[in-house]
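Per-entry structural report
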Amino acid sequence: MVPLTLLFCSAGFVLGTLAVTPLSLDLRVVVATGCAALGSYAVWGRESWRFRALLVAALVAGAFDASARGTAIPKPYELRTARYAATVLTRTAASDGSIATLLVLPSGIVADAHLRAPVPAPGRRVELRGRLASFDGPRNPGEPDLAAIEGARGIDARLESAVVLKRLAGRVRSPAIWLARAHEWAHATLRGYLGEPDASVLAGELWGERGALPPDLQAAFQSTGTVHVLVTAGLHLGAVAFLVVALLARCGWPRGLTCALATVAIWAFVWWSGGHLPAVRAATMATVALAARACGRATLSWNALGIAALVVAASAPREVASASFALSFSCVGAIFACAQPLARAIDGLPLPERAREAIVLTLATQLGTWPIGAAVFLQFAPYATLANVAVVPCVALTMALGAATLLAAAFAPLAQAFANLCTWPLGWTLGAVRLFGALPGATLHVTPAPAWCIAAYDVALLATPWLWRRGARTAVAVLLAGATLLVLEPPRAFDPRLRVTAIDVGQADGLLIQTPRGHAILVDAGGRLERGPQSAASTAEAVGTRTVVPFLLRLGVHSLDAIVLSHPHGDHAGGIAPVLRALRDGELADGGQTYPGHAYHDALDVARSEAVPIVTPRAGTVWHTDDGVTLEFLGPSLPFIGGRNAINDNSVAFMLRYRHFRMLFTGDAGAAAEERFLAEGIDLHADVLKVGHHGSAYSSTPAFIAAVRPRDAIISVGRHNLFGHPAPSTLATLRRFGARIYRTDRNGAIAIATDGATYSIRVQLPSPST
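Quantities reported herein were computed from a predicted structural model and do not represent experimental measurements.

**Some thoughts on the overall build of the protein**
Broken down by element type, the protein carries 28 helices and 24 strands. Looking at the protein residue by residue over its 770 residues, the buried ones come to 50%. Of the accessible surface of the protein, which amounts to about 33800 Å², a share of 63% is contributed by carbon and sulfur atoms.

Listed below in structure tokens is the structure:
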């Protein structure tokens, strides 16, 4: 016992030492406390409360270390278009027709780019033109940190609007490039024997590549809670370990050698799948379990889980605070806590033992991970348990047959035989995913539960074995009570303020109005991505799906009293359709202009299909809420303004009022619309102005700004956009009349809160006023 403990102590200390040089104080606490915990394990035994107390202290220290370090600050890159000589590292066909490519630049920067075919093979050198940019941190409240996520994958930056100019002489060789070429060969081989989408599903299982899957199939995996099947992590490493141990044990090999070879196979699979952190973390846990089994200790024990957690905390401190860490350890912890009670509960079912084991593991995994999954992905899949029961048992079989197909590729008849066998479990998997994904209510959008609710549920889950001994009904009742806390969102504190948030949706508009009594009105919904060669329709919907809907759900907004569409252009209408599909909506206010845009007509079609009334407010229309908020519409008025800029000039414009507070919204109205407002003698004075048309030179005329005289001006605009917004002349006009300027390209989301007498402005990314 002592030598094994000392081995883990020394390994943990070495890993901790190598993680950061010099060691931070908190990381030293992690390593020292972890070693003390392992020492107590050797002296007092695995049931000692001292071990568990010190283990908890080590993990808490790791969490403090992760939070103290914070998120890695993205390296700033010069945001200008330039030429780069680069080496192709990997290339993957994406479902939109582009090639997702990783490039290594001469400075060693690994950059992500979306290129048009053809793209040279990995190892080839090319010259490109593009704009090197850092990945974003959160630009809206609650958003995931893209810089941290991509950094964990080893990607430093993105190359925007990249175009291959020419191929360069020379070829680079490295293990990473050999691996990329092997993945390409494997995918092409599987495609030749199995076709699509079977080949892409196997690629996801064998090395985590799922970019070529059709979007509808990816959405089906996501909505059924089975997307983890396509991400190489614990499930797949467990399958590898099971297959190796089972095969060698059947051959009569000794237990110690079997576990050692299984460990080698696990880490070889980690290297083959790209060595991503989730796989490394799962391999660490599996290694500890196999080492315990080899030494005659309990393979599945809390101590083994704790040792794995300590190793991960020492080697990657920031991981302790990640959702991925929480999902991994919640999954295994739930298996430890719930497997035995669940096994006793289904013991009477007339099923084979292996089938019952699969059901127990699936149920336990779902019990442990669904609260964190719902908080991270903002959705709950009611059929996830059934879908996983149908799909997960097939994973080991499809992986084995897929690997056999690749190994036998030199013998076409044998490879085809393995592929033919593989089509049966793959067909079952895809059929189950599509079936459960098509059921009514397959995906429920949820608001992340407070941390204390998730903690209460976890306590109830961990107490399941103890409660089960006191009666199954007691255990189920307590667990259901914990789940109820998560499903039924706790009441929020009453906020007597009006809140307006300019969501950062890039070169587009999207604003949310929230009244004191909980009414919500969305003004436009974005619609243009800043990168990627996708079609206009897909990029428009992407902003609504990836940015606007998640933003609303994180705030607890599940229904909108109204959506106000200022005008039909895609950068305002593009995200409307996803919002209409995801949330309950009272009505859609549209200016009623004639416009052929796809995004606009898609929004109208979805509104009709969802039975959302479409209204056309005109100048003079007034909306009132029951808490004193008023929307006074200033435009459009008939007859519509003509000319080349007519769509913009006939935007829906209104004055938002709450007691003494006034905020003016003008959509993309230009100089002609502003002139009409002035000629009609409208009182335009406002505390805050949502600057028209992203601050273009064709709006915000001096006469108009003089009439509004805003104290603060909000410009919704995309970074390094191609239109030169906001125009220097517009900024100069706003400054001349004393307005403080806030911009979503520099400040991220901009939130205004007012009690009707005074107001405050809070930004996501503090930046000097411009």
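**Some remarks on a nonpolar patch on the surface**
A cluster of nonpolar side chains, Trp253, Leu257 and Leu261, forms an exposed patch at the surface whose accessible area comes to about 260 Å². Summarising the element assignment, leucine 261 is placed in helix α9 (residues 255-272).

**Details of the sheet that holds strand β17 (residues 629-635)**
Backbone-to-backbone hydrogen bonds pair the strands of a sheet. The strands run either parallel or antiparallel. Strand order in the open sheet formed by seven strands is β16-β17-β18-β19-β20-β21-β22, and the pairing between neighbours is mixed. Looking along the sheet, the strands with just one partner apiece sit at the ends: β16 (622-624) and β22 (740-743). Here the average twist between neighbouring strands, direction ignored, is 20 degrees. Here four bridges tie strand β21 (residues 712-715) to β22, and the two strands are oriented parallel to one another. Of the residues in β22, the one forming a bridge with aspartate 712 is arginine 740. Of the strands in this sheet, β21 and β22 are in contact with helix α27 (residues 728-736), which crosses β22 at around 140 degrees.

**So, the pairing of strand β10 (residues 520-523)**
The alternating pattern of β10 places Ala520 and Leu522 and Ile521 and Val523 on opposite faces, both of which are buried. With four bridges joining them, strand β9 (residues 511-514) and β10 adopt antiparallel strand pairing. Following the sheet pairing, leucine 511 is matched in β10 by valine 523. Linking β9 to β10, which pair antiparallel, is a turn of five residues; within it glycine 518 sits at a positive phi near 95 degrees.

**What to know about unusual backbone geometry**
Cis geometry marks the peptide bond from glycine 635 to proline 636, where omega comes out at 5 degrees. If you trace the backbone, proline 636 turns up in the loop between β17 and α24 (646-649). Residue proline 726 is bonded to the preceding histidine 725 through a cis peptide linkage, with omega at -5 degrees. Checked against the element boundaries, proline 726 lands in the loop between β21 and α27. The phi angle at aspartate 524 is positive, at roughly 65 degrees, despite the residue not being glycine.

**Remarks on the packing of aromatic side chains**
If you walk through the whole model with that rule in mind, you get seven aromatic pairs. Ring centres of phenylalanine 633 and phenylalanine 654 lie 5.7 Å apart, and the angle between their planes is 55 degrees; on these two criteria the pair is classed as tilted. Here the residue phenylalanine 633 occupies a position in strand β17, and phenylalanine 654 occupies one in strand β18 (residues 653-658), the gap between them amounting to 21 residues. On the basis of relative accessible area, phenylalanine 633 is assigned to the buried category, the value being 3%. The class for phenylalanine 654 is buried, based on a relative accessible area of 1%.

**Thoughts on the pattern of salt bridges**
Proximity of charged atoms lets side chains of opposite charge pair with each other. By the definition in use, this model includes 16 salt bridges. Between arginine 91 and glutamate 184 there is a salt bridge whose closest N-O contact spans 2.5 Å. In this pair, arginine 91 is assigned in strand β1 (residues 81-93) and glutamate 184 in helix α5 (residues 175-194), connecting sequence segments 93 residues apart. A relative accessible area of 26% means that arginine 91 is categorised as partly exposed. The partly exposed category is assigned to glutamate 184, whose relative accessible area is 23%. One salt bridge connects arginine 711 with aspartate 687, and the closest N-O pair in it is separated by 3.1 Å. Highlighted residues: arginine 711 in the loop between α26 (702-708) and β21 and aspartate 687 in the loop between α25 (671-679) and β20 (688-690), separated in sequence by 24 residues. Linked by salt bridges that have partners in common, Arg83, Glu127 and Lys166 make up one network.

**Overview of α9**
Under the 1.5 Å per step criterion, the end-to-end length of α9 is 25 Å for 18 residues, consistent within 8% with the ideal 26 Å. Within α9, the full set of buried residues consists of Thr258, Cys259, Ala262, Thr263, Ile266, Phe269 and Val270. Projected down its long axis, α9 shows its buried positions confined to an angular sector of 140 degrees, all on one face. On the buried face of α9, the contacting elements are α6 (198-207), α8 (234-250), α10 (277-294) and α15 (395-407). Glycine 274 sits one or two positions beyond α9 and adopts a positive phi of about 110 degrees.

**Description of the sheet that holds strand β8 (residues 498-502)**
One open sheet accounts for eight strands, arranged β15-β14-β12-β10-β9-β8-β23-β24; its pairing is mixed. With one partner strand each, in any of the chains shown, β15 (614-615) and β24 (759-763) form the two edges of the open sheet. Alignment of strand β23 (residues 750-754) against β24, held across five bridges, turns out to be antiparallel. Bridge assignment links isoleucine 750 to a residue of β24, and that residue is valine 763. In the packing of helix α23 (residues 598-609) onto the sheet, the strands contacted are β12 (562-565), β14 (588-590) and β15, and the crossing angle to β14 comes to about 145 degrees.

**Focus: the side chain of threonine 730**
With respect to the secondary-structure elements, threonine 730 resides in helix α27. Polar side-chain contacts of threonine 730 include one of 3.2 Å to the backbone oxygen of glycine 695. One polar contact links the side chain of threonine 730 to the main-chain carbonyl oxygen of serine 696, over a distance of 2.8 Å. What threonine 730 contacts, discounting residues up to four positions off in sequence, is Val691, Gly695, Ser696, Ala697, Ser699 and Ser700.

Parameters at a glance
- Residues numbered from 1 in each chain as written.
- Predicted model: local features only at pLDDT ≥ 70, side-chain atom pairs only at ≥ 80, totals over all residues.
- Heavy atoms only, no water.
- Helix = DSSP H or I, 4+ residues; strand = E, 2+ residues; numbered from the N terminus.
- Buried < 20%, exposed > 50% of the residue type's maximum accessible area, 1.4 Å probe, protein only.
- Areas by Shrake-Rupley, 256 points an atom, 1.4 Å probe, with all protein chains shown as cover.
- Patch = residues over 30% accessible without salt bridge, like charges linked within 9 Å, V, L, I, M, F, W, Y side chains within 5 Å.
- Salt bridge = Lys/Arg side-chain N within 4 Å of Asp/Glu carboxyl O.
- Pairing = 2+ DSSP bridges.
- Axes fitted to C-alpha atoms, helices over the stretch in contact; angles between N-to-C directions.
- Contact = heavy atoms within 4.5 Å.
- Phe/Tyr/Trp six-rings, centres within 6.5 Å; stacked < 30°, edge-to-face > 60°.
- Expected span 1.5 Å × (residues − 1).
- Arc of directions from axis to C-beta.
- Polar contact = N/O pair within 3.5 Å; in protein donor to acceptor, adjacent residues only side chain to side chain.

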